[in-house]
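# Geometric and topological summary
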Amino acid sequence: MSNQKLFNVAVVGATGAVGEQIIRLLDERNFPIQQLKLLSSARSAGTKLQFKGQEITVEEATADSFRGVDIALFSAGGSISQELIPQAIEHGTVCIDNTSAFRMDPDTPLVVPEVNIDRINEHKGIIANPNCSTIQMVAALKPLYDRYGISRIIVSTYQAVSGAGARAIDEMLRQSKEILAGKDMEPQILPVGSLPVKHQIAFNAIPQIDKFTENGFTYEEMKMINETKKILGDDSLEVTATCVRIPVVYGHSESVYVELKQDFDIEEVKQLIADAPGIVLQDNPAEQQYPLATDAAGKLETFVGRVRRDLSNPRGLNMWIVSDNLLKGAAWNAVQIAEYIAIEQE
């Protein structure tokens, strides 16, 4: 281990929810770091964070921040990534981006390590992390895609408020307390902070995540549709999505229907899922065992259950997929990519 190569690493968006998880994972997994830079907006600069028992002061992210940085993990918003990543690349930094800024760029690999790790080697300085809800779905479906082929995917998501940030969590908790106390409450954040109409999230389900596009789907739904095709490398795949925000703090849940291209044995399907990397099969209806957001919170794996053949289509398959949206859906996927880069450069 004494000959292990060490890397200068930067975390952009270090004070955000995903950034904090990235820092924790880099620490817990003993990522080979020589120097860690913690970067943020000017507003959060000066904050002090802990890493391996040492206090690190968060600095404002600028173009010069990336001099001498080998790997940078970005989770500070798309506009920051668009501004700073090209400048970081000029300094020779490999950038792993958690935003949607470069996901659909044809020259940028969109990577879920359990699905298409080989694409990392095609990068030109940027590797994109997919949307949180896309990551867990393609990780679970990849073994079935390889074995049988998939012609169609219909997904409905039940997404945690943490996906909308810390203020959305606070709003849900505040609304819940006010409603239970019989007080009037005024929504301020969800479904989209920049839009004029706000809806109650406590004790509710909001069928809107992100803004609507001209086709009636939201940007979140279009991300799932387009990213799934890109990750699996299959433009012929038919994908449709409905994305819903529910009053859960951590953990996205998904009801997924897939049409396979071949006949299948349901027990073989379950075994393929159980054997897939990063996937845990929790599927025992007799004992009421199936994935729950409350159980998945804080865990790195993606959990799959309620696996059953469709009653109207013999090649149709239904399942329930759950994962922590801040971990496998964001921070852990990014750190996995960074670990692969580190191994490749040893």
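Residues numbered from 1 in each chain as written. Predicted model: local features only at pLDDT ≥ 70, side-chain atom pairs only at ≥ 80, totals over all residues. Heavy atoms only, no water.

## Quick word on the overall build of the protein
In plain terms, the rule: Secondary structure is summarised from DSSP: a helix means a run of H or I of at least four residues, a strand means a run of E of at least two, and numbering begins at the N terminus for each. Partly exposed residues are those whose accessible area sits between 20% and 50% of the maximum for their type, while under 20% is buried and over 50% is exposed, using a 1.4 Å probe and protein chains only. Every residue pair with non-hydrogen atoms within 4.5 Å of one another is taken to be in contact. Each accessible area is a Shrake-Rupley result for a 1.4 Å probe, and residues are judged covered by the shown protein chains and nothing else. Within this scheme the basic residues Lys and Arg register as positive and the acidic residues Asp and Glu register as negative, but His and the chain ends are omitted. Every charge is mapped to an atom, namely NZ of Lys, CZ of Arg, CG of Asp or CD of Glu.
Secondary structure assignment for the protein yields nine helices and 14 strands. Counting only C-alpha atoms, the protein reaches 60 × 55 × 40 Å along its principal axes. By residue count, 51% of the 346 residues in the protein fall in the buried class. Across the protein, every contact between residues at least 6 apart in sequence was considered, and the portion connecting residues at least 24 apart equals 65%. Element-wise, carbon and sulfur atoms account for 47% of the exposed surface of the protein, whose accessible area totals about 15,700 Å². Charge centroids of the protein, computed over 32 positive and 46 negative side chains, lie 2 Å from each other.

## A short note on the nonpolar core
Rules: Residues grouped as a nonpolar core are buried Ala, Val, Leu, Ile, Met, Phe, Trp, Tyr and Cys residues, joined through side-chain atoms within 4.5 Å.
By size, the foremost hydrophobic cluster in this structure holds 39 residues, and its most contacted members are Leu141, Leu144, Ile153, Val256, Val258, Leu317 and Met319. Top element by residues in this core is helix α4 (residues 132–148). It accounts for nine residues. Residue contacts for Leu317: discarding those within four places in its chain leaves Leu144, Val256, Tyr257, Val258, Leu260, Phe264, Ile266, Val269, Val307, Arg308, Arg309 and Asp310. Ranked by size, the runner-up nonpolar core spans 36 residues in total, among them Phe7, Ile22, Leu36 and Val111.

## Some thoughts on the side chain of Asn8
To keep things clear, this is the line we draw: Pairing of N or O atoms within 3.5 Å defines a polar contact, subject to two protein rules: one partner must be a possible hydrogen donor and the other a possible acceptor, and residues neighboring in sequence count only if both atoms are side-chain atoms.
Along the polypeptide, Asn8 turns up in strand β1 (residues 7–12). Of the residues examined, Asn8 reaches a relative accessible area of 17% and is grouped as buried. In terms of polar contacts, Asn8 uses its side chain to reach the backbone carbonyl oxygen of Gly68, at 2.9 Å. Residue contacts for Asn8: discarding those within four places in its chain leaves Gln34, Gln35, Gly68, Val69, Asp70 and Ile71.

## A few points about the packing of α4 against helix α6 (residues 219–232)
What counts, and what does not: The convention used is that axes are lines fitted to C-alpha atoms, helices contributing only their stretch in contact, and that angles between N-to-C directions extend from 0 to 180 degrees. Note: crossing handedness is left-handed where the near helix turns anticlockwise from the far helix by less than a right angle, and right-handed where it turns clockwise. Gly counts as polar in this scheme, as do all residues outside two lists: the nonpolar Ala, Val, Leu, Ile, Met, Phe, Trp, Tyr, Cys and Pro, and the charged Asp, Glu, Lys and Arg.
Where α4 meets α6, the closest approach of the two axes is 10 Å, and the angle between their N-to-C directions is 35 degrees. Between α4 and α6 lies a crossing whose hand is right-handed. Across the interface between the two elements, Ser133, Thr134, Met137, Val138, Lys142 and Tyr145 from α4 touch Glu220, Lys223, Met224, Glu227, Thr228, Ile231 and Leu232 from α6. Classifying every residue of the contact of α4 with α6 gives six nonpolar, three polar and four charged.

## Re the packing of aromatic side chains
Put simply, the rule reads: Aromatic pairs are defined between Phe, Tyr and Trp rings, using the six-membered ring for Trp, whenever the two ring centres lie within 6.5 Å; interplanar angles under 30 degrees are classed as stacked, those over 60 as edge-to-face, and all others as tilted. Charge-over-ring placement is defined geometrically: NZ (Lys) or CZ (Arg) within 6 Å of the ring centre, and within 35 degrees of the ring normal.
Under the criterion given, the structure shown has four aromatic pairs. For the pair Phe7 and Phe31, a centre-to-centre distance of 6.3 Å together with 50 degrees between the ring planes defines the contact as tilted. In this pair, Phe7 sits in strand β1 while Phe31 sits in the loop between α1 (17–28) and β2 (33–40), placing the two residues 24 residues apart along the sequence. The exposure class of Phe31 is buried, given its relative accessible area of 5%. When the centroid spacing of 5.5 Å and the interplanar angle of 50 degrees are considered together, the rings of Tyr158 and Trp320 count as tilted. With Tyr158 in strand β9 (residues 150–159) and Trp320 in strand β14 (residues 316–323), this residue pair connects regions lying 162 residues apart in the sequence. A relative accessible area of 30% means that Tyr158 is categorised as partly exposed. In this structure, Lys52 packs its charged tip against the face of Phe51, placed 5.7 Å from the ring centre. One Lys or Arg, Arg309, reaches over the ring of Phe264 and ends 4.1 Å from the middle of that ring.

## Observations regarding the sheet that holds strand β13 (residues 302–309)
Quick reminder of the rule: By definition, two strands form a pair when at least two bridges between them are found by DSSP.
The sheet built from six strands is open, its strands ordered β10-β9-β11-β14-β13-β12 with mixed pairing. A strand with exactly one partner marks an edge of an open sheet, and here the two such strands are β10 (238–245) and β12 (279–281). Ignoring which end each strand starts from, the neighbouring axes of this sheet average 20 degrees apart. Where β12 lies against β13, three bridges are found, and the strand directions are parallel. Directly across from Ile279, in β13, lies its bridge partner Thr302. Against the sheet, α4 touches β9, β11 (252–260), β12, β13 and β14, its axis set at about 25 degrees to β11.

## What about the state of the cysteines?
Let me state the cut-off plainly: Only a pair of cysteine sulfur atoms within 2.5 Å counts as a disulfide in this structure description.
Tallying each qualifying case throughout the model produces zero disulfides. Cysteine Cys132 remains unbridged, with the sulfur of Cys243 as its closest cysteine sulfur at 8.8 Å. In this structure Cys132 comes out as buried when scored by relative accessible area, which is 16%.

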